[in-house]
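Chain by chain, the residues run as shown.
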Amino acid sequence: MPVSHERTSVRPREAADLDECVRVLAEVHDSDGYPVNWPQDPADWLAPAESPAAWVALLDDRIVGHVCLSHARPGDTAPEHWSSRTGLSPADTAVVSRLFVSPKARGRGIGALLLTELVRDARGRGLHPVLDVVTSDRWAAALYERQGWTLMATGEQRWGPDETVRVHCYAAPVAPAP
């Protein structure tokens, strides 16, 4: 079900959207350095096989943002922190990934719309949304905090055999009781 706000909308990502998503991702990478390591195959990176859902944000019918829901993987920092706080399994989390908004489209609430759609979907699956973000990405951290996400911890995340980064781990607000 699409979510709309002014001239923006959010809908499930389709395979035909990937080329445009890669173009926007390149804008974000050039502007902000996200992703830190440019993927060898950006379209595959945006559509990991383990992701059950992804959405795009449109402004005037042009793709300007993206987010992907992923399952927790061994070694993921945010799901482990959530698990240690709640006693629930990391498998009970949904990991926010591949979230970006074109620099030209920022300031319109697009990141918040994407997060809202992902949270709604994750909760429908019985999962609690969590994420990690590199500590240098202050723009993203500010978005999460404005949306009521809780900073659980700051620590090291291994991104490969030779790379460790410092990340903030966040959890979405707890859903209100029915």
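Residues numbered from 1 in each chain as written. Predicted model: local features only at pLDDT ≥ 70, side-chain atom pairs only at ≥ 80, totals over all residues. Heavy atoms only, no water.

Explain the overall build of the chain to me, using residue names and the numbers behind them.
When helices and strands are tallied, the chain shows five helices and eight strands. If you list the helices and strands of the chain from N to C, you get β-β-α-α-β-β-α-β-α-β-α-β-β. Computed over its C-alpha atoms, the radius of gyration of the chain comes to 15 Å, within 12% of the 16 Å expected for a compact globule of 178 residues. Along the three orthogonal principal directions, the C-alpha set of the chain runs to about 45 × 45 × 30 Å. Here the chain holds 178 residues, and the buried ones make up 47% of them. With the model as given, the accessible surface of the chain reaches about 9,100 Å², and the carbon-plus-sulfur share is 51%. Within the chain, the 24 negative side-chain charges are centred at a point lying 5 Å from the centre of the 18 positive side-chain charges. (Helix = DSSP H or I, 4+ residues; strand = E, 2+ residues; numbered from the N terminus. Rg over C-alpha atoms; globule rule 2.2 N^0.38 Å. Buried < 20%, exposed > 50% of the residue type's maximum accessible area, 1.4 Å probe, protein only. Areas by Shrake-Rupley, 256 points an atom, 1.4 Å probe, with all protein chains shown as cover. Lys, Arg positive; Asp, Glu negative; His and termini not counted. Charge placed at Lys NZ, Arg CZ, Asp CG, Glu CD.)

Explain the pairing of strand β7 (residues 150-160) residue by residue, including any values.
In terms of strand pairing, β7 meets strand β8 (residues 163-171) through nine bridges, oriented antiparallel. In the strand pairing of β8, T150 is matched with A171. Two successive antiparallel strands, β7 and β8, enclose a turn made up of two residues. (Pairing = 2+ DSSP bridges.)

A description of helix α1 (residues 18-32) should follow, citing residues and the corresponding values.
The first and last C-alpha atoms of α1 sit 20 Å apart over 15 residues, in line with the 21 Å expected at 1.5 Å per residue. When we look at burial in α1, the residues that qualify are L18, C21, V22, V24, L25, E27 and V28. Close packing links the buried residues of α1 with α2 (42-46), β3 (53-59), β4 (62-71) and β5 (93-101). In the stretch just after α1, G33 is the one whose phi turns positive, near 80°. (Expected span 1.5 Å × (residues − 1). Contact = heavy atoms within 4.5 Å.)

Please provide a residue-by-residue account of the environment of S97, values included.
Relative to the elements of secondary structure, S97 occurs in strand β5. With a relative accessible area of 10%, S97 lands in the buried category. When neighbours within four sequence positions are excluded, S97 is seen to be in contact with V67, C68 and S70. A distance of 2.9 Å separates polar atoms of two side chains, one belonging to S97 and the other to S70. (Polar contact = N/O pair within 3.5 Å; in protein donor to acceptor, adjacent residues only side chain to side chain.)

Before we move on, can you summarise the environment of C68 with the specific residues and values?
With respect to the secondary-structure elements, C68 resides in strand β4. Taking the C-alpha atoms as reference points, C68 and A94, separated by 26 residues in sequence, lie 9.8 Å from one another. Once residues within four sequence positions are removed from consideration, C68 is found in contact with L46, P48, S51, A53, A54, V95, V96, S97, R98 and L118.

Describe in detail unusual backbone geometry, supporting the description with residues and values.
With an omega of -5°, the peptide bond between Y34 and P35 qualifies as cis. Looking at the element boundaries, P35 is found in the loop between α1 and α2. Look at D60: it is not a glycine, yet its phi comes out positive at around 50°. Structurally, D60 is set in the loop between β3 and β4. Relative accessible area serves as the criterion here: at 44%, D60 is assigned to the partly exposed category.

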